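# Structural description and commentary
Residues per chain are reported as follows:
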Amino acid sequence: MQALEVTRLSCEYRHNPIGLGVKLPRFSWQLASDRMHVMQHAYRIQVSSGGQGFDEQRLVWDTGKQTSDNSLLVEYGGEALQSRQRYYYRVKVWDQRGGESDWSPSACFEMGLLHPSDWSARWITPDDKAIDPLAEEVFQLRTTFTVRKGVSRATVYVTSRGMYELELNGRRVGDEQYAPGWTSYDSRLQVQAYDVTDQIQEGERNAIGAFLANGWYKGVLGWDSQSGKYGDTRALLLQLHMDYEDGTTDVLVSDRSWRASTGAILMSELYHGETYDARLEKTGWSTAAYDDSEWAEVRELADSRDVLVMQENEPARVTERIKPVALLRTPSGETVIDMGQNMVGRLHLRLDLPSGTSITLQHGEVLDQDGHFYTANLRSARQTVRYTCKGGGETYEPRFTFQGFRYVKVEGWPAEAPLELERITGHVIHTDMERTGDFECAHPLLNQLQRNIRWGQRGNFVDVPTDCPQRDERLGWTGDAQVFIRTAAFNYGVASFFAKWLRDLKADQREDGGVPFVIPDVLDEKSHSSSAWGDAAVICPWTLYVCYGDKRVLAEQYDSMKAWIEYIRSQGDNEFLWNTGFHFGDWLGLDAKEGSYVGATPKDLIATCFYAYSTGLFVRTAQVLGYKEDARKYGELYESIVAAFNREFVTGSGRLAAHTQTAHVLPLMFGLVDGPVRERLARTLADDVQEQNGHLTTGFVGTPYLCHVLSENGYHELAVKLVQQEDYPSWLYSIHQGATTIWEHWDGIKPDGTFWSKDMNSFNHYAYGSIGDWLYRVVAGLDLDESQPGYKRILFRPRPDSGMAYARASYESGYGVIRSGWRIDESGSVIYEFELPPNTTAEARIPHGQLAGVLVNNKRAEQAEGVLSAREYEACAVFELGSGTYRIVAGGVIE
């Protein structure tokens, strides 16, 4: 490695993206060095247009040498970027010692169609005189075209009302699943761009075609089994640009010249599955040689292009393939495939069965207490795939549906052809987020818990953050998203995923500032604006800013955040309390009354706590963006809310006027009490947990913060005991019951094997996985300083008093890999290991004795390279660290 290198260039969080719709894209990079304590002192970015690589003669932006340590999300500032143009960029940096890097290898980005006027294509759909537009079958649309020789680049831009898959000359285009994704379609419809240069056949006739299914646009959504939430007509919009070496361009568009038909997919619904008859396949339908003379005509639809936006987040893809672990025979004689993991996606089949053989696959999450296949918790969702063989060797996987399942019941498989598991593969599908974080410790069940959290995120981050992936719901519940977002941002890169979702929240937000329960909003007019749910409008943008240093998401969502605060303020007759309206309360709290889903914590207490919390975050947002007047105005509002909370809910002697765990957790977590009142509330909370024999009674609202509050207020040992509990209710109880994801209910399966309920009992529901945030930030001690967001300044706060022999966490930040870990050796010494990347600093707080008893990299602290300073604070050794890798030994016997 050289002394200083620039690596991992990215543009809008992506590497070499095409089809960007961001007119001022942002660039990020990482530094690599073989030296300790490296900080960027200056940078220079150059961007050139066109060609086959970076070209200094075609510069459109050159920053010159900019004195700055910023290497994340540096905004483009050159001449206006043009639709469809490809640009190349490179970066060089200087460090604080005067060292200079070489230019980085160049990276590229390509703009999409930036203006409605860039479109000449027409929306098309089958002629309803020939094909019933309400038919269940998946439509097929195609056309042919001639390509001249000398193609330098071919790019297709496509979207649909419904879901599509594209084929060109008999080959699938791209590997995206469920395009164009789910957005608030009336306001925003994503367009995908694909480089198809290598699929074009020069000098020949070509063919392009698309499958068109219901998807989220027209299909069944929600538990009311209604379809057509956005419209009743599927349609396709496509534009193929072929650029030639002579500088000319040909454009193929969707129009009346296309042809339409139905095919082998007889039904496809997200909830219900797919029905496929391979005997009806139109072999070669997307090749030029195919005869489409019997196909129907299409008609054009008048529709605005103003809602079109280029793809904003990573698409869903097949991210893993897993094999079944067992073939089961249930007591009632059912044949069931066990995948060994509750997963989301589909099965891929390799078949060699007689023509006309019909196979049925029904998907479920669990077996009942007697070992029978169980689907009652799916409610009306059928999760059933039916496939009829054409005969001979064939493969199949459903296209436009996904299932949440571990077990698959198989019916119709001929007895004379034994079912062989090697013919079955599970395709795991979710938004293709980069995996960024991991946690590991000496407790095997906590390691399984971390795996369950990660699998739960994968299964529910399918283009939107859904509550569950299996029953007739699968909606973007705001409450679930906001309680989990910090954990989500540790496990995977979710910046663009949530930024896209928040734009839909803003689009669907009511005129009065109210926020729907689910985003995109597909529920009724009354389903909006519960506390802790609507607060996603503020909490989620702020969390993205903290984790990624992304100011733009705050700027984009600022008006939405402000509107939510004003909505709350307008409720009732006291602008400083929120004591009116519908609220979910501490949803699924264990202290709920018999027959109720709502915990015992007063709803107005919860609502006012979140009112204060969101207002406080909005004040900080205004400060970050430089809106001084709003910061002053809403700062005064925040102080008034806190004062009103204390008057309303805290007695003169410092007792809280509600005796539940959640009631104590929220004001402590949100900083609404201090001094003796804070101490008393923390002590009362700890006493309550002890009275429950070290168990929780919290629901969706209190659980995410419970352990943080205990650890921060002197009761870390109790928090550890609570997390390590193995009987009900606890995180580890479900693992003993066989869970491989996070459950919706603490006792989804009871100790006797019976179920909590069949009406609302998801076994893949990520909200309680928010404990992951506590595991990596508190136990492993990997945290950040919010005043320098995006992990620019790292806080190492390890807790070796967590009842284990070791714990460690790693995280791939925008600056590079960060690691924090500790282990206790046989002598009783605690060995801490930290790593921080170039262009960052850290404060490491070691809770062990005097500085004289600490070694850093086998040297005394004042001699260790990279240690900027060392001091004592509250019985801790506190180190200021520059970038590098550190091994600190404290306590016990030091040799």
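Structural data are supplied above this passage.
Presented here is a report on the structure given in the accompanying data block. (Residues numbered from 1 in each chain as written. Predicted model: local features only at pLDDT ≥ 70, side-chain atom pairs only at ≥ 80, totals over all residues. Heavy atoms only, no water.)

## What to know about the overall build of the protein chain
Note the cut-off: Strands here mean DSSP runs of E at least two residues long; helices mean DSSP runs of H or I at least four residues long; both are numbered from the N terminus. Values of the radius of gyration come from C-alpha atoms, whereas the globule rule sets the reference at 2.2 Å times the count of residues to the power 0.38. Any residue under 20% of the maximum accessible area for its type is buried, any over 50% is exposed, and the rest in between are partly exposed; the area is computed with a 1.4 Å probe on protein chains only. Only heavy atoms matter for contacts: two residues are in contact if any of them lie within 4.5 Å across the pair. The method behind every accessible area is Shrake-Rupley, applied with a 1.4 Å probe, and residues are considered shielded solely by the protein chains displayed. Neither His nor the chain ends is counted toward charge; the positive residues are Lys and Arg and the negative residues Asp and Glu. By convention, charge coordinates are those of NZ in Lys, CZ in Arg, CG in Asp, or CD in Glu.
A count of helices and strands for the protein chain gives 14 helices and 47 strands. Whereas a compact globule of 895 residues would reach a radius of gyration of roughly 29 Å, the protein chain reaches 29 Å, a difference of no more than 12%. Buried residues in the protein chain amount to 63% of all 895 residues. Of the contacts formed within the protein chain by residues at least 6 apart in sequence, a portion of 74% connects residues at least 24 apart. Accessible area for the protein chain stands at about 32400 Å²; split by element, carbon and sulfur atoms hold 44% of it. Once the 90 positive and 123 negative side-chain charges of the protein chain are each reduced to a mean point, those two points are 2 Å apart.

## Re the sheet that holds strand 7 (residues 74–75)
Convention followed: Paired strands, as defined in this entry, are two strands with at least two bridges between them according to DSSP.
Pairing within the open sheet is antiparallel, and its three strands lie in the order 1-3-7. Of all the strands in the sheet, the pair left with one neighbour each is strand 1 (5–11) and strand 7.

## With respect to the nonpolar core
We apply this condition: Among the buried residues, those of types Ala, Val, Leu, Ile, Met, Phe, Trp, Tyr and Cys that are joined through side-chain atoms within 4.5 Å form a nonpolar core.
The biggest cluster of nonpolar side chains holds 219 residues, and the ones touching the most others in it are L449, V494, F498, W501, W731, W774 and L881. Ranked by size, the runner-up nonpolar core spans 31 residues in total, among them F139, V151, A179 and L212.

## Structural notes on the sheet that holds strand 46 (residues 876–881)
Condition: Every axis corresponds to a line fitted to the C-alpha atoms, with the helix fit spanning only the stretch in contact, and the corresponding angles, defined between N-to-C directions, vary from 0 to 180 degrees.
Pairing is mixed across the open sheet formed by five strands, whose spatial order is 37-38-42-46-45. Only two strands of the sheet have a single partner each, and these edge strands are strand 37 (782–784) and strand 45 (867–873). In this sheet, neighbouring strand axes are inclined to one another by 20° on average, regardless of whether the strands run parallel or antiparallel.

## A short note on the pairing of strand 30 (residues 384–388)
Strand 30 sits mainly inside the fold: four of its five residues count as buried. One ladder, built from five bridges, connects strand 21 (residues 273–277) with strand 30; its direction is parallel. Bridge pairing in strand 30 links G273 to T384. Pairing geometry for strand 27 (residues 358–364) and strand 30, over five bridges, is antiparallel. By the bridge assignment, L361 is partnered in strand 30 with V385.

## Section: the pairing of strand 32 (residues 403–411)
Along strand 32, eight of the nine residues are buried, which leaves the element largely enclosed by surrounding structure. As paired elements, strand 26 (residues 335–353) and strand 32 share seven bridges and run antiparallel to each other. Bridge pairing in strand 32 places V344 opposite G404. Note: strand 27 against strand 32, five bridges, orientation antiparallel. The residue bridging T360 from the neighbouring strand is E411, located in strand 32.

## Some words on unusual backbone geometry
Most peptide bonds adopt trans geometry, and most residues besides glycine take a negative phi value. Here the residue pair I519 and P520 is connected by a cis peptide bond, since its omega of -5° sits within 30 degrees of zero. Between Y728 and the following residue, P729, the backbone shows a cis peptide bond with an omega angle of -5°. With respect to the element layout, P729 can be found in the loop between helix 12 (716–723) and helix 13 (731–736). In this structure, R474 takes a positive phi of about 55° despite not being glycine. Assignment of secondary structure puts R474 in the loop between strand 36 (464–465) and helix 3 (478–491). Relative accessible area serves as the criterion here: at 4%, R474 is assigned to the buried category. Positive phi is not limited to glycine here, since L588 has a value of about 65°. Along the chain, L588 falls in the loop between helix 6 (551–569) and helix 7 (603–625).

## Observations regarding the side chain of T233
This is how the line gets drawn: Counting of polar contacts relies on pairs of N or O atoms within 3.5 Å, with two restrictions inside protein: one atom must be capable of donating a hydrogen and the other of accepting it, and residues adjacent in sequence are counted only when both atoms are side-chain atoms.
For T233, the location among the structural elements is in the loop between helix 1 (215–218) and strand 17 (235–244). Only 3.0 Å separates the side chain of T233 from the side chain of D232, close enough to count as a polar contact. Discounting chain neighbours no more than four positions away, the residues touching T233 are T125, R161, Y217, K218, R299 and L301.

By themselves, these observations are geometric and do not establish any function.
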